[in-house]
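Take a look at the letters that make up each chain.
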Amino acid sequence: MFSGLAITGQTVAFFVIALFVIACGVMLLSMKKVIYMALSIGGVFIGCAAVYLMLEAEFLAFIQVLLYAGAITIMMLFAIMLTKHDEIEKPEPITAHPVWAAIGAAGFGLVILWVVKFSGIKWPQATPDSPFQGQDNVKLIGEALFNQYVIPFELVSVVLIVALVGAITLANKEEKN
Amino acid sequence: MLSVEQFLTLGAILFCIGLFGALTKRNIIIVLVSIELMLNAVNINLLTFARFGLMPSINGQIFTLFTMTIAAAELAVGLAVLISLYRNRNTSDVRDQDLMKW
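Keep in mind that this is a model prediction, so the values were computed, not measured.

**Student:** Now, about the overall build of chain A: what can you tell me, with residues and values included?
**Tutor:** Secondary structure assignment for chain A yields six helices and zero strands. Whereas a compact globule of 177 residues would reach a radius of gyration of roughly 16 Å, chain A reaches 21 Å, over 25% beyond that. Projected onto its principal axes, the C-alpha coordinates of chain A cover approximately 65 × 50 × 30 Å. Taking all 177 residues of chain A together, the buried fraction comes to 19%. At a minimum sequence separation of 6, the contacts of chain A that also span at least 24 residues come to 51%.

**Student:** Could you give an account of the UniProt feature "transmembrane region" (unreviewed entry) in chain A, naming the residues involved and the relevant values?
**Tutor:** All names here are of chain A. Within this numbering scheme, the UniProt entry marks residues 12–29, 36–55, 61–82, 94–116 and 149–171 as carrying the feature "transmembrane region" (unreviewed entry). Helix and strand shares over residues 36–55 are 95% and 0% respectively, and the end C-alpha atoms of the span are 29 Å apart. Secondary structure across residues 149–171 comprises 96% helix and 0% strand; the distance between its end C-alpha atoms is 33 Å.

**Student:** Describe in detail helix H6 (residues 150–171) of chain A, supporting the description with residues and values.
**Tutor:** Taking 1.5 Å of rise per residue, 22 residues should cover 32 Å, and H6 of chain A covers 32 Å from first to last C-alpha, within 8% of that figure. For H6 of chain A, the tally of buried residues reaches only two of 22 residues, placing the bulk of the element at the surface.

**Student:** Residue-level account of the domain arrangement of chain A, with values.
**Tutor:** One frequently used descriptor of interface size is the decrease in accessible area upon assembly of the parts. Examined at the domain level, chain A breaks down into domain 1 (1–88) and domain 2 (137–177). Each of domain 1 of chain A and domain 2 of chain A has a C-alpha centre, and these two points are 25 Å apart.

**Student:** Report on the UniProt feature "transmembrane region" (unreviewed entry) in chain B, specifying residues and quantitative values.
**Tutor:** All names here are of chain B. When the UniProt feature table is mapped onto this chain numbering, "transmembrane region" (unreviewed entry) sits at residues 6–23, 30–50 and 62–86. The span residues 6–23 carries 100% helix and 0% strand; its end-to-end C-alpha distance comes to 26 Å. Structurally, residues 62–86 comprises 100% helix and 0% strand, and the distance from its first C-alpha atom to its last is 36 Å.

What counts and how
Residues numbered from 1 in each chain as written. Chains lettered and ligands numbered in written order. Predicted model: local features only at pLDDT ≥ 70, side-chain atom pairs only at ≥ 80, totals over all residues. Helix = DSSP H or I, 4+ residues; strand = E, 2+ residues; numbered from the N terminus. Rg over C-alpha atoms; globule rule 2.2 N^0.38 Å. Buried ≥ 20, exposed ≤ 12 C-beta atoms within 10 Å, placed from the backbone. Contact = placed C-beta atoms within 7 Å. UniProt positions renumbered as here; feature names shortened; annotations may be inferred. Expected span 1.5 Å × (residues − 1). Domains from an automatic or database assignment.

Structure representation (structure tokens):
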């Protein structure tokens, strides 16, 4: 399937990282305790940050570690601790639902893989030299964000503040009158 | 030399893991986590085309930044809803949240 790939440091690193990410994803699906599931998603996030580094998005890799692996995983753990966290998913009588879900997910995946691999689409050839050569990633992002994308940037900040205020309002205990 | 296909394959596999988790997991928080996994797969795709695409540019990274922000907002609201649901109904099982089920 991946024939024609020269074994270089980059490809080896990519396959190790990909294996780590997928293993953490499978752990998320197969663990019994909810808290272990939330911890294994942290592994997926860190692996994704490594993939971003390979795609030369250093700033986003940093943000990924900071935001996802740091903040979101911890927030998930908080939420699990605040709800029933010592609950173990009990094996249930087998129903048709997970089977259909597996068929659906696998079918969807096969369709995507077919499009990627076998449909004969000519993907653009990768150039060995980076398009962002010698340029500071953070500087590029900053310039694009504050020149071309000012209005979306401001809108997204409004969305973020509204969402966070709404979250506080929702989670706040209502006063008993 | 790595190219588009390997990264797209990784993104597709991650997306399918997330999809399966979101469809079958019973704890609401894990369903939310699976949705985050799918968003991460999409981010990998965006960054792949920003680096290896026909016209590589920084715009894909900007889009990923926006996706991450929206995902964080979504997660904050989702967790607040979950906490409030748990307080009211005392369960974190998806199948018990069937008040609006037809």
